[in-house]
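One letter stands for each residue in the lines below.
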Amino acid sequence: DADNNTILILLAELKAGTYNPYAPTSDHPDLNGAALRMARMYLERYPFILEWSNVHGKTALHVAALKGNEDLVLVSITRLHPHTFYELYCRSAAM
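1. A look at the nonpolar core
Phase 1: Leu-8, Ala-12, Ala-39, Leu-43, Ala-64 and Leu-72 are the most contacted members of the largest nonpolar core, which totals 17 residues.
Phase 2: Of all the elements in the fold, those that place two or more residues in this core are α1 (7–12), α2 (31–45), α3 (60–67) and α4 (70–79).
Phase 3: Non-local contacts of Leu-8, meaning those with residues more than four positions away in its chain, are made with Ala-39, Tyr-42, Leu-43, Ile-49, Leu-50, Ala-60 and Leu-72.

Now the structure itself:
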């Protein structure tokens, strides 16, 4: 997209809402589960995109943490290379 978001960043922005079968805009109850399955599939195939950032300097891990998407944060952290995890930890501790 225009902000150079990866598929993981777009999936990280999803947060399952309250399901209402009568409201045409409500989220499906398994939206978060589907997003997690897609994220796992992309990370297994393309693990390097986890470290790609958008034009605002945010990675999928940043966006997931900011949106409160705890499940995607955990999936992302388990895929990080230990050196990268240490660098991210040092950057966040300095802020």
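Picking up after the structure, the text goes on.
2. Some details on a nonpolar patch on the surface
Phase 1: On the surface, a cluster of nonpolar side chains totalling about 330 Å² of accessible area is made up of Tyr-46, Phe-48 and Trp-52.
Phase 2: Relative to the elements of secondary structure, Phe-48 occurs in the loop between α2 and α3.
Phase 3: By relative accessible area, which is 47% here, Phe-48 ends up partly exposed.

3. As for the confidence of the model for the protein chain
Phase 1: Looking at the protein chain, pLDDT values average 79 and 67% of them are 70 or higher.
Phase 2: Taken element by element, the predicted model of the protein chain shows its lowest mean pLDDT in helix α5 (residues 82–94) (61) and its highest in α1 (91).

4. Looking at the packing of aromatic side chains
Phase 1: What the rule picks out here adds up to three aromatic pairs.
Phase 2: Aromatic side chains Tyr-42 and Tyr-46 sit 6.3 Å apart centroid to centroid with 35° between the ring planes, which places their arrangement in the tilted category.
Phase 3: A relative accessible area of 29% means that Tyr-42 is categorised as partly exposed.
Phase 4: An aromatic cluster is defined as three or more aromatic residues linked by ring pairs; in this entry it consists of Tyr-42, Tyr-46, Phe-48 and Trp-52.

Rules and cut-offs
- Residues numbered from 1 in each chain as written.
- Predicted model: local features only at pLDDT ≥ 70, side-chain atom pairs only at ≥ 80, totals over all residues.
- Heavy atoms only, no water.
- Core = buried A, V, L, I, M, F, W, Y, C linked by side-chain atoms within 4.5 Å.
- Buried < 20%, exposed > 50% of the residue type's maximum accessible area, 1.4 Å probe, protein only.
- Helix = DSSP H or I, 4+ residues; strand = E, 2+ residues; numbered from the N terminus.
- Contact = heavy atoms within 4.5 Å.
- Patch = residues over 30% accessible without salt bridge, like charges linked within 9 Å, V, L, I, M, F, W, Y side chains within 5 Å.
- Areas by Shrake-Rupley, 256 points an atom, 1.4 Å probe, with all protein chains shown as cover.
- Salt bridge = Lys/Arg side-chain N within 4 Å of Asp/Glu carboxyl O.
- pLDDT = per-residue confidence, 0-100.
- Phe/Tyr/Trp six-rings, centres within 6.5 Å; stacked < 30°, edge-to-face > 60°.

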